[in-house]
Amino acid sequence: MITRKNASISKFIIHKVGNKFNSTKNAFSEKLVEFDEASYELMLPFLLRPFGSVVQSYRFNHHANINLNEINSYSAQIFSDENAFIEISKHIVTHLFEQSTSANIKTGDVLIAMFEGIEYNDMTTNALGIFKIENKVNFFQTYLENDSYDVLVQKGISSKKVDKGCLILNQGDNEGNIILTVDNNNYDAQYWINQFLNIKYADDSNNHTQQYIDLCKDFSEDILKSTYGAQEKNNFLAKTIDFFKENEVVNVERFKDELFEEDKHKSMFDDYKKTFENEQNLVLRNQFDVSERVVTKEKKKIKTDIKLDTHFSIKVDIDAPDATEEYLERGYDEKKKMHYYKVFFNEES
């Protein structure tokens, strides 16, 4: 995640990208945008706000040579020669156009900006931002005509969120430049992440933690819930988050020993892990450092409600991993031929 309190826009240009499958063409600007104060004060947070909550970062990827990655090459040229900004920005849009491999890919405005004063992990750097605006919103415009006000509907860019955006920092590590990205229209996620940017997750604690929590979430849904019910699913997720909160380093064998009492459940988890790795085309580490930021983010996203078809819902506190075992019982009533939950408590609040 970044801090934008000292950030500024040094260069900004707008182009339009078409789609070769529906015969719409690109349209290029020849000059930089000169902001007035009001539009600048609105544009800067509009572009950078999404990256304030992004935890995981990416690095450029290429099957043969990383220098052949187009956006890697274009960003390097801009960082080394800012006078090439306008011309290189056109190449970026052309590359985006060439990735329109489906008629479903939307046309839109492409905003390209150079930022100064971006703060990321205790360092300050400049960055290249590439944004695609795919959806326009309707708004009312009032105007005066013949001494009376009238109204018409116009389309424009909503200032609430960008559709797609990436921030390429002019800083990196042994894997290359640090890249942050957002996509609020992920119907075509492969188009933006894999085809246009061609990036991969960084090999760091953020990624390792995220991958393992994703594994646990999928296992709880696909195996535990379908086999043993929502109570076991929620109990497992609560204990998973608790384990990650209590340990700076995750050792997979120790994780299984703490969460599973029976060997058969460990075997079920191991089998599912192999399937998960094959489907996701990755190899999960057997030991890795925990990213506290990822755990905090994922904890907020986990839903532990048990929704019943009799119009009742039981909400389980994820911060109390032992509560479902101690105070919640699941059973089956032979007379009614229905499942039931029994909840124990001292007093209502």
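Structure shown above.
Right, let's walk through the structure included here.

Basis of the calculations
- Residues numbered from 1 in each chain as written.
- Predicted model: local features only at pLDDT ≥ 70, side-chain atom pairs only at ≥ 80, totals over all residues.
- Heavy atoms only, no water.
- Patch = residues over 30% accessible without salt bridge, like charges linked within 9 Å, V, L, I, M, F, W, Y side chains within 5 Å.
- Areas by Shrake-Rupley, 256 points an atom, 1.4 Å probe, with all protein chains shown as cover.
- Salt bridge = Lys/Arg side-chain N within 4 Å of Asp/Glu carboxyl O.
- Helix = DSSP H or I, 4+ residues; strand = E, 2+ residues; numbered from the N terminus.
- Buried < 20%, exposed > 50% of the residue type's maximum accessible area, 1.4 Å probe, protein only.
- Contact = heavy atoms within 4.5 Å.
- Expected span 1.5 Å × (residues − 1).
- Phe/Tyr/Trp six-rings, centres within 6.5 Å; stacked < 30°, edge-to-face > 60°.
- Core = buried A, V, L, I, M, F, W, Y, C linked by side-chain atoms within 4.5 Å.

1. Here we look at a nonpolar patch on the surface
(1) Moving on: On the surface, Phe140, Val151 and Val153 cluster together into a nonpolar patch covering about 320 Å² of accessible area.
(2) Moving on: Here Val151 shows up in strand 7 (residues 148-156).
(3) Moving on: The exposure class assigned to Val151 is partly exposed, which follows from its relative accessible area of 43%.

2. Quick notes on the environment of Leu48
(1) Moving on: Structurally, Leu48 can be placed in helix 1 (residues 37-48).
(2) Moving on: Remark: the alpha-carbon pair of Leu48 and Gly165, spanning 117 residues in sequence, is separated by 9.3 Å.
(3) Moving on: Aside from chain neighbours lying at most four places away, what touches Leu48 is Ile2, Arg4, Ala7, Phe115, Ile118 and Leu167.

3. Quick look at helix 8 (residues 263-280)
(1) Moving on: In this model helix 8 runs 25 Å from its N-terminal to its C-terminal C-alpha over 18 residues, within 8% of the 26 Å that 1.5 Å per residue would give.
(2) Moving on: Buried residues in helix 8 make contact with helix 5 (205-228), helix 6 (230-246) and helix 7 (252-259).
(3) Moving on: Looking one or two places after helix 8, you find Asn281, whose phi comes out positive at around 55°.

4. So, the packing of aromatic side chains
(1) Moving on: A full pass over the atoms with the stated rule returns 23 aromatic pairs.
(2) Moving on: Relative to Tyr40, the ring of Phe35 lies with its centre 5.8 Å away and its plane at 70°, an arrangement referred to as edge-to-face.
(3) Moving on: Accessibility expressed as a relative area gives 25% for Phe35, which makes it partly exposed.
(4) Moving on: Ring plane angle 35° and centroid distance 6.3 Å describe the contact between Tyr212 and Phe244, whose orientation is recorded as tilted. Residue Tyr212 is found in helix 5, and its partner Phe244 is found in helix 6; the two are separated by 32 residues along the sequence. Taken as a pair, Tyr212 and Phe244 share a single burial class, namely buried.

5. A look at the environment of Val249
(1) Moving on: Residue position: Val249 is located in strand 11 (residues 249-251).
(2) Moving on: Its relative accessible area of 34% is what places Val249 among the partly exposed residues.
(3) Moving on: When the C-alpha atoms of Val249 and Ala323 are compared, they prove to be 25 Å apart, with 74 residues separating the residues in sequence.

6. A short note on the nonpolar core
(1) Moving on: If you look at the biggest cluster of nonpolar residues, it comprises 29 residues, and the most contacted ones within it are Ile71, Ile92, Ile112, Leu128, Ile130 and Ile168.
(2) Moving on: In terms of residue count, the dominant contributor to this core is helix 3 (residues 85-98) (6 residues).
(3) Moving on: Apart from the residues within four sequence positions on either side, Ile92 is in contact with Ile71, Tyr74, Ile78, Ile112, Leu128, Ile130 and Phe196.
(4) Moving on: Ranked by size, the runner-up nonpolar core spans 27 residues in total, among them Leu215, Ala238, Phe243 and Phe276.

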